[in-house]
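Listed below, chain by chain, are the residues.
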Amino acid sequence: MSDTPPVSAGDGGPGRQPIWSRPERGSRGPAPAHSRDAIVVAAVALADTEGLAAVSMRAVASALGTGAGSLYRYLSSRDDLLDLMADRVIGELRPYPQAEGDWLDTMVLLGRRQLALFGAHPWLLDVFHRASGVGPESLAWFDNCIRVLEPLPCSVTAKFEAIAMMTGVVSLFARREAAAGDGALSFAGVDLAAYPHLVAAFSQPPAPAPRADLVERTLRSLLTGLLLAEPG
């Protein structure tokens, strides 16, 4: 995952109570000087400008003009902060498009919005998959996808799989864009004499450019294949 170090395990084990089910702040200590939301906003801004590795309790506290210890009145660990950050930016996928037309067009649009979100917050690629980070906005987005797919007669399991696969494919496109710009494959300067099939492929006349880009073609093929294929 790019050059970001692995997320610290902290107290983020499977038995950890989700941050959204806990009080806004602890009951002890002086009156709050900040809100949980203000802490998350500061952390997101830091991650957007300096990367996820720069987001520590101390760095976020410094951005708020307070000490790191004060943040522990609102959060028990950096894991809590990462969960809140991810769910907050996923909320930027709102407002959801109305599913008044073709379900496939709507799902492709949702996939494109996901791709744009990863572009706006590249650090999200490193944290969105955390099981502990499935918060209110993540659930609302998933609920919306199920709403879009309601007209399809396939099983709920197939719909869940299709949504998960769409997100996975979109994240791959986002990683490609982040790592290589346009992601164009080049063999410039490479002697291909030992690779006859590549030589033959490059000898073919160029095909007409497809009407839809690779993202759209991939999402359409993936979703129709998973959701409209005859059961085996």
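See above for the structure.
Visitor: Quick question: what am I supposed to make of the overall build of the protein here?
Guide: Per the secondary structure count, the protein includes 9 helices and 0 strands. Reading the helices (α) and strands (β) of the protein from amino to carboxyl end gives α-α-α-α-α-α-α-α-α. A burial count over the protein gives 36% of its 232 residues as buried. The contacts in the protein between residues at least 6 apart in sequence include a share of 75% that link residues at least 24 apart. By element, 59% of the accessible surface of the protein is carried by carbon and sulfur atoms, the whole surface being about 13,200 Å².

Visitor: When you look at the nonpolar core in this model, what are you seeing that I'm missing?
Guide: Side chains that are nonpolar tend, in soluble globular proteins, to be buried together. With 58 residues, the main nonpolar core has Val 60, Leu 81, Met 85, Trp 103, Met 107, Trp 123 and Leu 227 as its most contacted residues. For this core, the secondary-structure elements that each account for two or more residues are helix H1 (36-50), helix H2 (57-63), helix H3 (68-71), helix H4 (78-90), helix H5 (103-120), helix H6 (136-148), helix H7 (156-180) and helix H9 (214-227).

Visitor: Help me out: how do you make sense of the layout of surface pockets in this one?
Guide: The probe, sized like a water molecule, is rolled over the atoms to show the empty space still left. The volume enclosed by the largest pocket comes to roughly 390 Å³. Looking at the largest pocket, it is lined by 20 residues, and the ones nearest its centre are Ile 90, Phe 128, Ser 138, Trp 141 and Thr 167. Counting only elements with at least two residues in the lining of the largest pocket, the list comes to H4, H5, H6 and H7. Here the residues of the lining of the largest pocket are counted per class, giving 14 nonpolar, 5 polar and 1 charged.

Visitor: Teacher, can you tell me more about the side chain of Asp 80 here?
Guide: One can find Asp 80 in helix H4. On the basis of relative accessible area, Asp 80 is assigned to the buried category, the value being 0%.

What counts and what doesn't
- Residues numbered from 1 in each chain as written.
- Predicted model: local features only at pLDDT ≥ 70, side-chain atom pairs only at ≥ 80, totals over all residues.
- Heavy atoms only, no water.
- Helix = DSSP H or I, 4+ residues; strand = E, 2+ residues; numbered from the N terminus.
- Buried < 20%, exposed > 50% of the residue type's maximum accessible area, 1.4 Å probe, protein only.
- Contact = heavy atoms within 4.5 Å.
- Areas by Shrake-Rupley, 256 points an atom, 1.4 Å probe, with all protein chains shown as cover.
- Core = buried A, V, L, I, M, F, W, Y, C linked by side-chain atoms within 4.5 Å.
- 1 Å grid on protein atoms, 1.4 Å probe; cavity = no way out; pocket = protein on both sides within 12 Å on 5 of 7 lines; lining within 4 Å.
- Points joined across faces, edges and corners; volume = space filled by probe spheres on them.
- Nonpolar A, V, L, I, M, F, W, Y, C, P; charged D, E, K, R; others polar.

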